[in-house]
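One letter stands for each residue in the lines below.
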Amino acid sequence: MIRNDLRNIAIIAHVDHGKTTLVDAMLKQSHVFRANEKVQERVMDSNDQERERGITILAKNTSVMHEGTKINILDTPGHADFGGEVERVLNMVDGVLLLVDAYEGPMPQTKYVLRKALEHHLKPVVVINKIDRPDQRVDEVVDEVLDLFIELNASDDQLDFPVVYCSAKKGIAKLSMDDDSDNLDPLFKVIMDTIPAPDVDVDGPLQMLANTLDYDDYVGRIVVGRIVRGTIKNGQMICLMHDDQRTNEKIGRLYTYEGLKRVETQEAKAGEIIALIGLQDVEIGDTIADSENPEQLAGIKVDEPTLSMTFSVNDSPFAGQEGDFITSRHIRERLYKEVETNVSMRVEDTDSPDTFKVSGRGELHLSVLIEAMRREGFELQVGKPSVIMRRDENGKLLEPMEALTIDVPQDFMGPVMEGLGIRKAELQNMTEMSGYLRMEFIIPARGLIGFRSQFLTDTKGNGIMNHVFAGWGAYKGDIPGRTRGSLVAFEAGETTAYGIDKCQARGTMYINPGEQVYEGQIVGENSREDDMDVNPCKKKHVSNMRAAGSDDAVRLIPPQTFSLEGALEHINEDETVEVTPKSIRMRKKILSRLERARQRARNAKA
């Protein structure tokens, strides 16, 4: 049975090419909102971090009605770090809208998400977005998209894709750049004509895959997925199939998506995307099947993690002053809860009961979790990120490689090439684009740790870098780490302007006067390669005798500040980042100045 009353599509693109803005426009023009309703921009980005960072982190479901047909729309993340979200969503749809910026053209994540869509044999519609940009180069971008399809071995059917020209911000779409249009009707028409309607068996035994898990404090787990076969009813008994395990459970409530809301319904048929409440033991990739004739579906395959770091209990002198959740039990429960819904993340216990190894798809993937935890009231310490190595069948050491794309003004090409050369990057391609150079590299994932801050400094903030996992390659050898040591406080107390003034002659400071610091806290960067113990709490000696000029005002250089990602990139192996709800501090693993000296002596003997 072909369900002509339904279409299921995912919107895929590189980060910042306008996916969420286009969904906003589609919702508004489908009259999902009341005429007088105030709607914020990027309404689909409901998570605080999504709105602050301007990126989509979690895949979202919504739907619109167009001329009697329901269109389920899934908005996906553009960052490869959240590839697990994209992977799951593509199991639920029959076609994709591939958004491409009219100036930037296909970028690394465009290639990544398109490859995934083609592997799932989905029908593509290409949307060239931001056609109102003054520097748009629409014709060249369409050619580049076609080249990308050919490079990814698209089938003849997939190569025959329609192209829609769009300005998501203005809410207009055209089938030709010469057309006049003031709405998105041409895009809706192409979706209806191109994306196949679900061809399903409505009367067969029930089959559904658990694609996404959400969680609500009141109702528990919420399972989201697409009905592959059959019909499901509110309160129905089903068979939950996990590997070789079979359990019979009862559905609590059944929901479908209307606009941005989940709406309770009594029945849903194959092809529909639904949400279920009442299944407490379900995991992503499980099959929800007919209780009398259970048949299992293939699970979800997600790319393996490439980066790991340690999460441990905060044992600094300031532990417990700002957070509500500080014990290893709290941290362990939170991490294992995250793994239930975050399929591309792994958590392992270590030899220490206070330390856990967390693996993910990249620094951003892990830092989003850390930021979420600190906002929830957790205190923890996190170690330096390290890449996950593996060996091939011949015992040869392999490491994850990244495809790095850099856009820089030509004046900055020299320092960027020099910095990447040290990090074992290999130039693959170079093209010139209206004053900018686009350079494509293959680089070990290790080489990107700590590179972003150096890159922004080298290009004076004018460079743009994007990277995506490019597979596993032979180990490239040692890559030099940070070339400068740390300035480490050797006593606890409150920092003074006088003390910081004496320290800043040694390097770059990270602190202001009036801050509380502790022994072992990193307060600055040394101008030399070794660490130096300093005292930013030093007070001016008070006496009756003053030399001329001794009361001159202290002139302090503004301190360098670090974001969470910046701190994670900056630290060395013997350092950690202390994360609390109000503070991000860098510190030595061994706080005691004396104990660190003993450790250095032991290492020198060894």
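Within any chain, residue numbers begin from 1 and follow the written order of that chain's sequence. With the structure being a predicted model, the display of local features is reserved for residues of pLDDT at least 70 and the display and counting of side-chain atom pairs for 80 or more, all residues being used for whole-chain, interface and lining totals. Side-chain metrics rest on all non-hydrogen atoms present in the structure, leaving aside hydrogens and water.

1. Focus on the pairing of strand β21 (residues 355-360)
Quick reminder of the rule: Per-residue accessibility, obtained with a 1.4 Å probe over protein chains only, is compared with the maximum for each type, and a residue is labelled buried under 20%, exposed over 50%, and partly exposed between these values. In this description a helix means any DSSP run of H or I spanning at least four residues, a strand means any run of E spanning at least two, and both kinds are numbered starting from the N terminus. When DSSP finds two or more bridges between a pair of strands, those strands are recorded as paired.
Of all six residues that make up β21, five are buried, and the element is covered over most of its length. As judged from the four bridges shared by strand β20 (residues 346-349) and β21, these two strands associate in the antiparallel manner. Residue pairing for β21: Asp-349 is matched across the bridge by Phe-356.

2. Notes on helix α9 (residues 363-375)
Our working rule: In this analysis, the expected span of each helix is defined as 1.5 Å times one less than the number of residues it contains.
An ideal rise of 1.5 Å per residue puts 18 Å on 13 residues; α9 measures up with 18 Å between its terminal C-alpha atoms. Residues of α9 that are buried: Glu-363, Leu-364, His-365, Leu-366, Ser-367, Val-368, Leu-369, Ile-370, Glu-371, Met-373 and Arg-374. Positive phi shows up at Gly-377, right after α9, with a value of about 100 degrees.

3. Comments concerning unusual backbone geometry
Trans is the common state for peptide bonds, and a negative phi is the common state for residues other than glycine. At Glu-67, a residue that is not glycine, the phi angle is positive and equals roughly 50 degrees. When you line up the elements, Glu-67 lands in the loop between β2 (60-66) and β3 (69-75). According to the relative accessible area criterion, Glu-67 is exposed, its value standing at 76%. Despite not being glycine, His-121 shows a phi value in the positive range, around 60 degrees. Structurally, His-121 can be placed in the loop between α4 (108-119) and β5 (123-129).

4. Observations concerning α4
Between the first and last C-alpha of α4 there are 17 Å, a value that for twelve residues agrees with the 16 Å anticipated at 1.5 Å per step. For α4, the buried fraction is high: nine of the twelve residues fall into the buried class. Those residues of α4 that sit buried are Pro-108, Gln-109, Thr-110, Tyr-112, Val-113, Leu-114, Lys-116, Ala-117 and Leu-118. Downstream of α4 by a residue or two, His-121 has a phi angle that is positive, lying close to 60 degrees.

5. Points about the packing of helix α8 (residues 328-341) against α9
Operational definition: Helix axes are fitted to C-alpha atoms over the stretch in contact, other axes to C-alpha atoms as well, and angles between N-to-C directions run from 0 to 180 degrees. In these notes the angle categories are as follows: under 35 degrees is roughly parallel, over 145 is roughly antiparallel, 65 to 115 is roughly perpendicular, and the rest is oblique. Helix crossings are classified by the rotation of the near helix relative to the far one: an anticlockwise turn of less than a right angle makes the crossing left-handed, while a clockwise turn makes it right-handed. What makes two residues a contact is simply this: any of their non-hydrogen atoms within 4.5 Å. Charged means Asp, Glu, Lys or Arg here, nonpolar means Ala, Val, Leu, Ile, Met, Phe, Trp, Tyr, Cys or Pro, and polar covers whatever is left, Gly included.
With their axes 12 Å apart at the nearest point, α8 and α9 run at an angle of 130 degrees to one another. It follows that α8 is oblique to α9 by the angle criterion. Every pair of crossing elements has a handedness; the one defined by α8 and α9 is right-handed. Residues Ile-331, Arg-334, Leu-335 and Glu-338 of α8 form the contact with α9, whose participating residues are Leu-369, Ala-372 and Met-373. For the contact of α8 with α9, the per-class residue count stands at five nonpolar, no polar and two charged.

6. Points about the pattern of salt bridges
Keep this limit in mind: We define a salt bridge as a side-chain nitrogen of Lys or Arg found within 4 Å of a carboxyl oxygen belonging to Asp or Glu.
In the structure shown here, the tally under the stated rule is 32 salt bridges. The salt bridge partner of Asp-315 is Arg-587, with a shortest N-O separation of 2.7 Å. Of this pair, Asp-315 sits in the loop between β19 (307-312) and α8 while Arg-587 sits in strand β36 (residues 584-588); the two residues are 272 residues apart in sequence, bridging distant segments of the chain. Using a relative accessible area of 51% as the deciding quantity, one classes Asp-315 as exposed. A single network of salt bridges, built from pairs that share partners, joins Asp-101, Lys-130, Arg-133 and Asp-135.

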